[in-house]
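Here is how the chains run, residue by residue.
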Amino acid sequence: MAKSPKLRSSREWAPDSWRNLQAKQQPIWPDEDSFQKVLDELSTLPPLVFAGEARNLTEQLAAVSRGEAFLLQAGDCAESFDTSADSIRDRLRVILQMAVILTYYTGVPVVKVGRIAGQFAKPRSSDTETVDGLELPSFRGHMVNDINFNEDSRAANPKRLLTAYNRAAATLNLLRAFTKGGFAALSRVHQWNREFVAASPAGQRYEALADEIDRAVSFMQACGIDGDKLSELSEVNFHTSHEALILGYEEALTRKDSITGEWYDCSAHMLWIGERTRELDGAHVEFLRGVNNPIGCKLGPEVDPEDVLKLCETLNPTKTPGRLTLISRMGADVVSKKLPDVLKIVKNAEHPVVWVCDPMHGNTFSTENGHKTRHFDDVLKEINSFFEAHKKVGTHPGGVHLELTGDDVTECLGGGSELAADDLSKRYETMCDPRLNGSQSIDIAFRIAELLHSNK
Ligand code: PEP
Ligand code: CO
């Protein structure tokens, strides 16, 4: 069992101690009473995850921090309440394909964490949005309001917190069924390749890899390695994560573990702090320092290395491996200038961080037609510079954090199928940031595998 971080801090912590500090990015709920009623109800509902599962993830992430495993954290920018079962299955499917590619080429286990089953709240740069002279609250994710541009839809509605809980429970249930019930068995490696992906160059490359895996499994069977050993290949470990943004919701799902007596935020296995809410004296850092889940924190291009060290000291005072993941999202052109100093200060202080690259959020721009997009080449460039920075400093590049979907959407430019600006309007479906589609995701997995292989 993983050692859990005993919080040794001069300041006392309680699930509601964040309430004494400024909480950024919280919606204005029209009616405090109904908001409170919802929180009271949420606090009586069953936890979505078990604390032991979160400890298990900490243990797997500890292996990542030592360079013995690789983290693939991926999923939607903003999950929708309307996501179909097929779409959940296809997102899982593409993550499984990517994990197989990465495992095959790197020879190390891939820790799979979805941005899924709870990624319903979004931080926004502006509180309001104006269209044709009409100013309304910004869309803050389905946990808060709806995306349609009218007064009713954009009003924050606390009942949505309950729907978010129910949708997260249903999604998680389906994911558990798929990952433990045979869908994720390695013997199905061919069947994960969907038609439109299979037709792309990356999909064809995947087919060839799947053939090799099939042959390897048959070879093991022929050698008499059967039964229990091979049945381990029929299940996968998959964990959930989301940005812990709406602190009332996260507090209501925080429970004391009956085995260890420690607090866990049972809304997901892993929670992270976003770029806009990572102030050292802010409510989000205060809340997450006290829960024992593995936690993450985004680091943008303006980050001060001294602050990163203070974040490590506050969020992981016991230096427990696997407890803290730092997710750099600096932009393709900034990472090589900025990241090495951050890596050095943390390395010198001997903090066992899981270093992850989010190559999405620092590379977003809008096309002339107003589509928010990212170019595949920028995404790849940031990952490459991230790996180079680690090589230079002597630290482990632990993984990647991606926004993707299994669907055949047209939201990011480039990739094997060379998606162009004119293609974006064909199937632009995201409610927030642009995501890699199924074949772009497979393509990036091959590229990452090659980079890791050549950096060995
Ligand atoms: C996100 O992960 O969707 C996000 C908003 O990221 P960041 O906090 O890094 O901007
Ligand atoms: Co995003």
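Predicted model only: the values in this text are computed from it and were never measured. (Residues numbered from 1 in each chain as written. Chains lettered and ligands numbered in written order. Predicted model: local features only at pLDDT ≥ 70, side-chain atom pairs only at ≥ 80, totals over all residues. Heavy atoms only, no water.)

Here the focus is the coordination of the cobalt ion (ligand 2). Coordination of the cobalt ion (ligand 2) by the protein involves Cys77 (SG), His361 (NE2), Glu403 (OE) and Asp433 (OD), with metal-donor separations of 2.1 to 2.4 Å. Given the relative accessible area of 18%, His361 is considered buried. (Donors = N, O, S within 2.8 Å, 3.2 Å for Na, K, Ca; no water. Buried < 20%, exposed > 50% of the residue type's maximum accessible area, 1.4 Å probe, protein only.)

It is worth spelling out the pairing of strand 4 (residues 134-137) at this point. As paired elements, strand 3 (residues 128-131) and strand 4 share 4 bridges and run antiparallel to each other. Its bridge partner being in strand 4, Glu129 is matched across the sheet by Leu136. A loop of 2 residues connects strand 3 with strand 4, the two strands running antiparallel in sequence, and Asp132 in this loop sits at a positive phi of about 45 degrees. (Pairing = 2+ DSSP bridges. Helix = DSSP H or I, 4+ residues; strand = E, 2+ residues; numbered from the N terminus.)

Counting 114 residues, the largest nonpolar core has Leu72, Leu161 and Ile444 as the members making the most contacts within it. No other element matches helix 3 (residues 85-106), which puts 10 residues into this core. (Core = buried A, V, L, I, M, F, W, Y, C linked by side-chain atoms within 4.5 Å.)

The 8 strands are arranged 1-2-5-8-9-10-11-14 in a closed barrel whose pairing can be described as parallel. Taken over all neighbouring pairs, the strand axes of this sheet differ in orientation by 25 degrees on average, direction set aside. Two strands pair when backbone bridges link them, and strand 8 (residues 270-273) and strand 9 (residues 295-299) are joined in this way by 3 bridges, in the parallel orientation. Bridge pairing in strand 9 places Ile273 opposite Cys297. Lying on the sheet, helix 2 (residues 51-65) is in contact with strand 1 (70-75), strand 2 (110-115), strand 5 (239-243), strand 8, strand 10 (324-328), strand 11 (354-357) and strand 14 (397-403); it crosses strand 2 at an angle near 125 degrees. (Axes fitted to C-alpha atoms, helices over the stretch in contact; angles between N-to-C directions. Contact = heavy atoms within 4.5 Å.)

This brings us to the packing of aromatic side chains. Enumeration according to the criterion identifies 8 aromatic pairs in this entry. Judged by centre distance (4.8 Å) and plane angle (45 degrees), the ring pair of Phe178 and Phe183 falls under tilted. Of the two residues, Phe178 and Phe183, both sit in the buried class. A ring pair is formed by Phe386 and Phe387, whose centres lie 6.0 Å apart and whose planes are at 55 degrees; its orientation type is tilted. Take Phe386: its relative accessible area is 0%, and that puts it in the buried class. Looking at Phe387, the relative accessible area reads 2%, which means it is buried. (Phe/Tyr/Trp six-rings, centres within 6.5 Å; stacked < 30°, edge-to-face > 60°.)

Secondary-structure assignment places Asn384 in helix 13 (residues 376-393). Take Asn384: its relative accessible area is 27%, and that puts it in the partly exposed class. Between the alpha carbons of Asn384 and Leu451 there is a distance of 7.1 Å; along the sequence they are 67 residues apart.

With that settled, consider helix 11 (residues 305-315). Listed as buried for helix 11 are Val308, Leu309, Leu311, Cys312 and Leu315. Projected down its long axis, helix 11 shows its buried positions confined to an angular sector of 155 degrees, all on one face. On the buried face of helix 11, the contacting elements are strand 8, helix 10 (283-290), strand 9, strand 10 and helix 12 (335-348). (Arc of directions from axis to C-beta.)

Across the protein chain, the average pLDDT comes to 94, with 97% of residues at 70 or higher. Taking the mean pLDDT of every element in the protein chain, the minimum, 68, falls on helix 8 (residues 228-231) and the maximum, 99, on strand 8. Taken as a whole, residues 1-8 scores under 50 in pLDDT and shows 22 contacts with residues more than four places along the chain or in a different chain. (pLDDT = per-residue confidence, 0-100.)

Turning next to the side chain of Thr373. Turning to its location among the elements, Thr373 is positioned in strand 13 (residues 372-373). Judged by its relative accessible area of 0%, Thr373 is buried. Polar contacts involving the side chain of Thr373 include one to the main-chain carbonyl oxygen of Glu411, which spans 2.7 Å. In this structure, Thr373 is in contact with Asn363, Thr364, Phe365, Thr367, Glu411, Cys412, Leu413, Leu424 and Pro434, ignoring residues within four places of it in sequence. (Polar contact = N/O pair within 3.5 Å; in protein donor to acceptor, adjacent residues only side chain to side chain.)

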